[in-house]
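Listed below, chain by chain, are the residues.
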Amino acid sequence: MPRYVLIALAAALLAGCAHRGPPGLDVDTSVTAVSQGSRVRSIVLHYTTLDDVHSLEELSRGKVSAHYLIQENGKTWQLVDENRAAWHAGASAWQGITAMNSTSIGIELVNPGWTPGPDGVAVWRPYDPRQLRSLVLLARDIAQRHGIAPENIVGHSDIAPQRKVDPGPLFPWKWLASQGIGRWYDEAAAAAHLARLQQEPLPGIAWFQAQLQRLGYAAPQTGQADRETSNVLAAFQMHYRPSRHDGQPDAETAAIMLALP
Ligand SMILES: [Zn+2]
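Worth saying up front: this structure is predicted, and the values here are computed from it rather than measured.

Some thoughts on the side chain of Asn111
Tracing the chain through its elements places Asn111 in the loop between strand S8 (104–109) and strand S9 (114–116). Look at Asn111 and you get buried, because its relative accessible area is 1%. A distance of 2.7 Å separates a polar atom in the side chain of Asn111 from the backbone nitrogen of Gly113. Within polar-contact distance, the side chain of Asn111 engages the backbone oxygen of Arg125 at 3.0 Å. Beyond its immediate chain neighbours, meaning those up to four positions away, Asn111 contacts Tyr47, Thr48, Thr49, Leu50, Glu72, Arg125, Pro126 and Tyr127.

Structural notes on the sheet that holds strand S5 (residues 76–78)
Overall, mixed pairing links the five strands, which are arranged S5-S4-S8-S3-S11 in an open sheet. Of all the strands in the sheet, the pair left with one neighbour each is S5 and strand S11 (153–155). If you compare each strand with its neighbour and ignore which way they point, the axes differ by 20° on average. The pairing of strand S4 (residues 68–70) with S8 spans three bridges and is classified as parallel. Along S8, the bridge assignment pairs Tyr68 with Ile107.

Here we look at the pairing of S8
By the criterion of burial, S8 is predominantly enclosed, with six of the six residues buried. Covered by surrounding structure in S8 are Ser104, Gly106 and Glu108 together with Ile105, Ile107 and Leu109, the residues of both alternating faces. Bridging between strand S3 (residues 42–47) and S8 involves six bridges; their strand directions are parallel. Looking at the pairing, His46 lines up with Glu108 of S8.

Remarks on the coordination of the zinc ion
Only His46 (ND1), His156 (ND1) and Asp166 (OD) from the protein reach the zinc ion as donors, at distances of 2.0 to 2.2 Å. Read in sequence order, the donor residues coordinating the zinc ion give the pattern H-x109-H-x9-D. Of this pair, His46 sits in strand S3 while Asp166 is found in the loop between helix H4 (156–159) and helix H5 (173–178), placing the two residues 120 residues apart along the sequence. In terms of burial, His46 and Asp166 fall into one category: buried.

Quick look at the environment of Ile256
Inspection of the secondary structure assignment puts Ile256 in helix H9 (residues 251–258). Along the backbone, Ile256 and Leu194 are 62 residues apart, and their C-alpha atoms lie at a distance of 8.2 Å. Once residues lying within four places of it in the same chain are set aside, the contact partners of Ile256 are Tyr185, Ala190, Phe236, Tyr240 and Arg241.

Regarding helix H3 (residues 129–146)
Spanning 18 residues, H3 covers 26 Å between terminal C-alpha atoms, matching the ideal 26 Å at 1.5 Å per step. All of the buried residues in H3 are Gln131, Leu132, Ser134, Leu135, Val136, Leu138, Ala139, Ile142, Ala143 and His146. Two or three places before Arg130, at the opening of H3, Asp128 has a side-chain oxygen 2.8 Å from that residue's backbone nitrogen. A positive backbone phi angle near 65° is found at Gly147, which sits one or two residues after H3.

Brief notes about unusual backbone geometry
Cis geometry is found at the peptide bond from Asp166 to Pro167, where omega equals 10°. Tracing the sequence through the fold places Pro167 in the loop between H4 and H5. Phi angles above zero are rare outside glycine, and Thr49 is one such case at about 65°. You can see Thr49 is positioned in the loop between S3 and helix H2 (52–61). Classification of Thr49 by relative accessible area gives partly exposed; the value is 46%. Phi angles above zero are rare outside glycine, and Gln95 is one such case at about 50°. Here Gln95 is to be found in the loop between strand S6 (93–94) and strand S7 (97–98).

Calculation notes
- Residues numbered from 1 in each chain as written.
- Predicted model: local features only at pLDDT ≥ 70, side-chain atom pairs only at ≥ 80, totals over all residues.
- Heavy atoms only, no water.
- Helix = DSSP H or I, 4+ residues; strand = E, 2+ residues; numbered from the N terminus.
- Buried < 20%, exposed > 50% of the residue type's maximum accessible area, 1.4 Å probe, protein only.
- Polar contact = N/O pair within 3.5 Å; in protein donor to acceptor, adjacent residues only side chain to side chain.
- Contact = heavy atoms within 4.5 Å.
- Pairing = 2+ DSSP bridges.
- Axes fitted to C-alpha atoms, helices over the stretch in contact; angles between N-to-C directions.
- Donors = N, O, S within 2.8 Å, 3.2 Å for Na, K, Ca; no water.
- Expected span 1.5 Å × (residues − 1).

See the structure below:
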């Protein structure tokens, strides 16, 4: 028998043999359930605060990790298989889902974050366009394959607002949404809401807390203007109104909230 026929026969036999399992057990995998879905519910974006070499070392050899690491020049590493959990989120919550390491894909961007400027004000580093281009290609593909809703593409600060500020106020959420990635608000609707809100007393802190919760954030629902609420408001503002992210409730923040589905 010619050699190529033997190879074809072996391939056909292997393809028909839908069995797998540990030694001693024959598991039939020839039937696949139609009712199933990805375990991945969200994509969480971070910055590393380290340079290329130290980011790679920390995320591959340290006690934290991420599925992907993108350098400023756009080079992209996969460090953890998407079917496995990476240790990137820590204590976290979004849309009522907690401990998000087990349900999310983590993407780390090389970026130093902020450094204190001469006047003591934080100076943030802009993201490199080459890095953002890689991020768009990667995030689009992940979101498509796992069926991730736009509102579930979030920053570390969105899911852990009491502890984290990454990816920071210079992360271009609006531009990313224009590329089809993540949630953004209806700007015309926000302008109309703002015009009306400016004629009225500002809604109370309980209103802001309820809106934050509606939009996915783990926010206190106490009616008290406390430090925790201010941290969540600051996280919201960094994402949707980065020009001022002081954690104070204001009319523009309220208008944006109302313009988000
Ligand atoms: Zn982070």
